[in-house]
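Given next are the chains, with one letter for each unit.
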Amino acid sequence: MAIRRSIIRGTGHYLPERVVENSHFEETLETSDAWIRDRTGIERRHIAAEGQTTSDLAIRAARAALDNAGMTADQIDAIVVATTTPDLTFPAVATMVQAGLGMQRGFAYDVQAVCAGFVFALSNADGLIRTGQADRVLVIGAETYSRIMDWTDRGTCVLFGDGAGAVVLEAVDQPGTTDDRGILSSDLNSDGRYRDILYVDGGVGTTGTAGCLRMQGNLVFRHAVEKLAKTAHTALDKAGLTPADVDWLVPHQANMRIITATAQKMQLPMDKVVLTVADHGNTSAASIPLALSVANDEGRFKEGDLIVTEAIGGGLSWGSVILRW
Ligand code: ACO
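Values in this document were obtained by computation on a predicted structure and should not be read as measured data.

Draft legend 1. Region of the structure containing the site of the ligand. Inspection of the region around the ligand gives 29 residues, with Thr-31, Arg-39, Cys-115, Arg-154 and Asn-255 positioned closest. With respect to the ligand, the side chain of Trp-35 contributes an N or O atom lying 3.5 Å from a nitrogen atom. In the model, an oxygen atom of the ligand is placed 2.5 Å from a nitrogen or oxygen of the Arg-39 side chain. Protein contact buries 74% of the 1,000 Å² of open area that the ligand shows by itself. Those elements that provide at least two residues to the shell around the ligand are helix H2 (33-40), strand S10 (213-215), helix H6 (217-238), helix H7 (256-265) and strand S12 (306-313). Among the elements that make up the shell around the ligand, the one with the highest residue count is H6 (4 residues). Looking at the shell around the ligand, its residues break down into 15 nonpolar, 10 polar and 4 charged.

Draft legend 2. Structural detail: the sheet that holds strand S8 (residues 182-190). One open sheet holds the 4 strands; their spatial order is S8-S13-S12-S11, and the pairing between them is mixed. A strand with exactly one partner marks an edge of an open sheet, and here the two such strands are S8 and strand S11 (248-251). Averaged over all neighbouring strand pairs, the angle between strand axes comes to 15°, with direction disregarded. For S12 and strand S13 (residues 317-324), the ladder comprises 8 bridges, and the chain directions are antiparallel. Across the sheet, residue Ala-311 finds its bridge partner in S13, namely Gly-319.

Draft legend 3. Fine view of the sheet that holds strand S7 (residues 162-174). Overall, mixed pairing links the 5 strands, which are arranged S1-S7-S6-S4-S5 in an open sheet. The open sheet terminates on both sides in strands that have one partner only, identified here as strand S1 (3-14) and strand S5 (107-111). With strand direction ignored, the average angle separating the axes of adjacent strands in the sheet is 20°. Alignment of strand S4 (residues 78-82) against strand S6 (residues 136-144), held across 5 bridges, turns out to be parallel. From the neighbouring strand, Val-80 faces S6, where its bridge partner is Val-139. Each of S4, S5 and S6 is contacted by helix H4 (residues 93-100), which is oriented at about 140° to S5, the strand it contacts most. Helix H9 (residues 287-297) contacts S1, S6 and S7 of the sheet and is inclined by roughly 85° relative to S1.

Draft legend 4. Representation of the pairing of S13 within the structure. Burial analysis of S13 places 8 of its 8 residues in the buried class, the great majority of the element. On S13, burial covers both faces: Ser-317, Gly-319, Val-321 and Leu-323 on one face and Trp-318, Ser-320, Ile-322 and Arg-324 on the other are all buried. Here S8 runs beside S13; their pairing, made up of 8 bridges, is antiparallel. Bridged to Asn-189 within S13 is Trp-318. The antiparallel hairpin formed by S12 and S13 contains 3 residues in its connecting segment, where Gly-315 sits at a positive phi of about 145°.

Draft legend 5. Spatial organisation of the nonpolar core. Judged by nonpolar contacts, the single largest core of 45 residues is most densely connected at Leu-236, Met-266 and Val-308. At the level of elements, H6, H7, S12 and S13 are the ones that each hand at least two residues to this core. It is H6 that contributes the most residues to this core, 8 residues altogether. With residues near it in sequence (within four places) discarded, Met-266 still touches Ala-229, Ala-232, His-233, Leu-236, Pro-243, Leu-249 and Val-308. In terms of nonpolar packing, the next biggest core, distinct from the first, is built from 36 residues, Ala-78, Phe-120, Val-167 and Ile-183 among them.

Draft legend 6. Highlighting the state of the cysteines. Under the counting rule described, the total for this entry stands at 0 disulfides. With no disulfide of its own, Cys-212 lies closest to Cys-157 among cysteine sulfurs, the gap being 10 Å.

Draft legend 7. Broad picture of the pattern of salt bridges. In this structure the tally under the stated criterion is 20 salt bridges. Connected through salt bridges with shared partners, the residues Glu-21, Asp-33, Arg-37, Glu-43, Arg-44 and Asp-279 form a single ionic network.

Quick notes on the rules
Residues numbered from 1 in each chain as written. Predicted model: local features only at pLDDT ≥ 70, side-chain atom pairs only at ≥ 80, totals over all residues. Heavy atoms only, no water. Near = heavy atom within 4 Å. Polar contact = N/O pair within 3.5 Å; in protein donor to acceptor, adjacent residues only side chain to side chain. Areas by Shrake-Rupley, 256 points an atom, 1.4 Å probe, with all protein chains shown as cover. Helix = DSSP H or I, 4+ residues; strand = E, 2+ residues; numbered from the N terminus. Nonpolar A, V, L, I, M, F, W, Y, C, P; charged D, E, K, R; others polar. Pairing = 2+ DSSP bridges. Axes fitted to C-alpha atoms, helices over the stretch in contact; angles between N-to-C directions. Contact = heavy atoms within 4.5 Å. Buried < 20%, exposed > 50% of the residue type's maximum accessible area, 1.4 Å probe, protein only. Core = buried A, V, L, I, M, F, W, Y, C linked by side-chain atoms within 4.5 Å. Disulfide = S-S within 2.5 Å. Salt bridge = Lys/Arg side-chain N within 4 Å of Asp/Glu carboxyl O.

Below, the structure is given as structure tokens:
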């Protein structure tokens, strides 16, 4: 029986011009390029210019994705932006992208699941397509984490970067088999008991300020290693597939050691893993669409490749989406 699936028609990304190397932090903090590389795999990150907002980055990534898909904004029915660092408390960044693209139809909203945001947004957009509410959806991950860093906290400020990535999803009827192209399954999870190990210490209902990111890195690390391979396995299982079927792992780019451990648990060789963490750092909800777009630009994916995405972040929230290119 034919099934309506969400196929990726195009990808795009934007990274702010300013690149900050690890050595930059040696000037103000008790840290070193060697420590950051060894413990995280990060070498550099991009930082937004003064006045450059999340919607600015998102609009540029969206335009690139539309170009890559060979589409114009008026062909898009919905925009879903995953972000934790919106320009304003409201309106949604997605509506700013809509206006920036000159769209006067359709609907637009944000999804907030921190570093897992893109996986949640992709799954959500797939739901819009499957239920016939939209034929074409722009799904964007965009962040300016530089705005919520405590630049005196060496345990967090060296880890994050700014950027945006976008994909264009389009509804296509597929035969309804495991060989179908498009999104095949999702597995989403949250456990609010862990809110205190990764959070921002400000907000509308508390301090009235944006606040700064706080993290017990080693605890988050342990949850990540335990939960990421598990959610990928669950999503694969839902799709009727196994790790042996996987062509590419496109993980959230938080820490090279977490990525390696997850690949090992899935018995995937590292040449099947897309890595951007060295050059981008952790860009939270932007990291997976950035990695998808960079790998697509490099011509690494071919039609029919099975791709696993997975991410974990504040909440804790974590999940995985399985798709065939
Ligand atoms: N330079 C030098 N030393 C440092 C630095 C630094 N930049 N940061 C921490 N240290 C020190 C600590 O102070 C500690 O010193 P102590 O032993 O004297 O107390 C020591 O290094 C070890 O600290 P740990 O936190 O145990 O180090 P760990 O090996 O766990 O690495 C890291 C820290 C990189 C943060 C790691 O835990 C990690 O990557 N965690 C997961 C992050 C993540 O995946 N987050 C999820 C998404 S983020 C989101 O949702 C927004």
